[in-house]
Amino acid sequence: MPKNLLLLAGDGIGPEIMDEVKKIISWLNSNKNLELNVTEELAGGVSYDKHKTPLTDDVLYKAMDSDAVLLGAVGGPKYDQLEFSKRPERALLRLRKELRLFANLRPAICFSELVSASSLKPEIVSDLDIMIVRELTGGIYFGEPRGVEPIANGEKRGINTHVYTSKEIIRVAKVAFDLAKKRNKKVTSAEKSNVMEAGMLWKEEVQKFYDENKNYKDVELSHMLADNCAMQLVRNPKQFDVIVTDNLFGDMLSDEAAMLTGSLGMLPSASLSEKDKNGRIRSMYEPCHGSAPDIAGQGIANPLAMILSFAMALKYSLDLDGVADEIDSAVKAVLKDGLRTPDIMEDGKRKVSTSEMGSAIIDKLK
């Protein structure tokens, strides 16, 4: 059955890294008899340049009708002076909101071939494999009231509200436990229950969900304060398997975990919705790195995070686990062969361009 993919290359290096995914999709359609139908549209700054909005309603509707959305990167200095609602990043936030993407999956994997790229000792990070599950639609980023208001003596006050409901906590906890059952059967829930009432509720609801669902009895659950979790990620990251946390802490912890691996250019992510009444899950996949406008157009961007994000789409949205595993293996193989884009270049390795790296992945798939 054909699968429909919406490709939003976006800004900066987005088009360059998306081109490599398009090459792989074309090869898979021709050689693996897949039926992956691709539609390409604008999002982010390029959409603002043409339509004066970072995301048109038409593109949003296409995203909602797609089996998976692949996003490159959005943003850049040329858009920094735009009003908040027009900035490229609003495309990403609107997609997350309208597609109801509540669970963000951020793997932090340290390939043994790249262990020297990490700032930590090799024995601490070699073969690291963590999955951070971040709640994506609640918390302080979306809570009300919010805003900036004048107060006495000419000063201003900025207000953001951290709020979570039981349902929001339980549904993201379920994602974490389901993932842990397929991994190393360990979940760490991170919050600030010592100083935040919303953190107390988070801890209570995660524990209650675990206690009441006996099909997770083979999974170990522990609770950890988010600041301690940040410290432990640097001290002993291999103690973790799946970390589940809220929007704010997930934003920070996932970036910290990403840098344990040495390069954001290597790390993919997935954002998933709940199943609708037809059993369908909406989804969006994107690399963890930004648009890197300083190197855009030079052919030196690392496409591997985008390619690995596509592999996650094959696994979580398209039920093509076998093909996803082949792509993951191909990435490991090219790294073992010593191919490196400039961001992960080491002495004694062979520097390759964005396009050469993508072509090398296809060679390994053959």
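Residues numbered from 1 in each chain as written. Predicted model: local features only at pLDDT ≥ 70, side-chain atom pairs only at ≥ 80, totals over all residues. Heavy atoms only, no water.

Thoughts on the overall build of the protein
Spelled out, the test is: In DSSP terms, a helix is any run of H or I states spanning at least four residues, a strand is any run of E spanning at least two, and both are numbered starting from the N terminus. In this description the radius of gyration comes from C-alpha coordinates, and the expected globular size is given by 2.2 Å times residues to the power 0.38. Summary of the burial criterion: residues with accessible area below 20% of their type's maximum are buried, those above 50% are exposed, and those between are partly exposed, where the area comes from a 1.4 Å probe applied to protein chains only. Residues count as neighbours in contact if any of their non-hydrogen atoms are within 4.5 Å of one another. Only the protein chains shown count as cover for residues, with accessible areas throughout obtained via the Shrake-Rupley method and a probe of 1.4 Å.
Of the regular secondary structure elements, the protein holds 12 helices and 14 strands. The C-alpha radius of gyration of the protein comes to 21 Å, within 12% of the 21 Å expected for a compact globule of 366 residues. The principal-axis extent of the C-alpha atoms belonging to the protein is close to 55 × 50 × 45 Å. Counting the 366 residues in the protein, one finds 50% classified as buried. Sequence separation of 24 or more characterises 73% of the internal contacts of the protein that already satisfy a separation of 6 or more. Here the protein displays about 16800 Å² of accessible surface, and carbon together with sulfur accounts for 49% of that area.

Examining the sheet that holds strand S2 (residues 36-41)
The cut-off we apply is this: Whether two strands pair comes down to DSSP finding at least two bridges between them. Angles run from 0 to 180 degrees between N-to-C directions of axes, and those axes are lines fitted to C-alpha atoms, restricted for helices to the stretch in contact.
The 10 strands are arranged S2-S1-S3-S12-S11-S4-S5-S10-S8-S9 in an open sheet whose pairing can be described as mixed. Of all strands in the sheet, those bounded by a partner on one side alone are S2 and strand S9 (220-225). With direction set aside, neighbouring strand axes in the sheet form an average angle of 20°. Inspection of the sheet shows strand S8 (residues 186-191) paired to strand S10 (residues 242-245) by 4 bridges, in the parallel sense. Along S10, the bridge assignment pairs Ala-190 with Thr-245. Packing of helix H1 (residues 14-31) onto the sheet brings it into contact with strand S1 (3-10), S2, strand S3 (68-73) and strand S12 (281-287), and relative to S1 it is tilted by some 160°.

Points about the nonpolar core
Here is the rule: Residue types Ala, Val, Leu, Ile, Met, Phe, Trp, Tyr and Cys, when buried and joined through side-chain atoms within 4.5 Å, form a set referred to as a nonpolar core.
Grouped together as the largest cluster of nonpolar side chains are 71 residues, with contacts concentrated most on Phe-177 and Phe-310. Ranked by residue count, the leading element in this core is helix H10 (residues 304-316), at 9 residues. If we ignore the near neighbours within four places in the chain, the residues touching Phe-177 are Val-187, Val-206, Phe-209, Tyr-210, Tyr-216, Val-219 and Leu-221.

Focus: the state of the cysteines
For clarity, the threshold we go by: Cysteine sulfur pairs qualify as disulfides if the two atoms are within 2.5 Å.
The tally for this structure, following the rule as stated, stands at 0 disulfides. Distance from the sulfur of Cys-229, which forms no disulfide, to the nearest cysteine sulfur (Cys-288) is 16 Å. Classification of Cys-229 by relative accessible area gives buried; the value is 0%.

Description of the packing of H1 against H10
This is how the line gets drawn: Oblique is the label for every angle not falling under 35 degrees (roughly parallel), over 145 degrees (roughly antiparallel), or within 65 to 115 degrees (roughly perpendicular). A crossing counts as left-handed when the near helix is turned anticlockwise from the far one by less than a right angle, and as right-handed when that turn is clockwise. Three residue categories are used. Nonpolar comprises Ala, Val, Leu, Ile, Met, Phe, Trp, Tyr, Cys and Pro, charged comprises Asp, Glu, Lys and Arg, and polar comprises the others, including Gly.
Two elements in contact, H1 and H10, have axes whose closest approach is 8 Å; the angle formed by their N-to-C orientations is 45°. Comparing the axis directions of H1 and H10 gives the class oblique. Here H1 and H10 pass one another in a crossing that is right-handed. Note on element contacts: H10 touches H1 through Met-306, Ile-307 and Phe-310, opposite Ile-17, Met-18, Glu-20, Val-21, Ile-24, Ile-25 and Leu-28. Across the contact of H1 with H10, the residue classes break down as 9 nonpolar, no polar and 1 charged.

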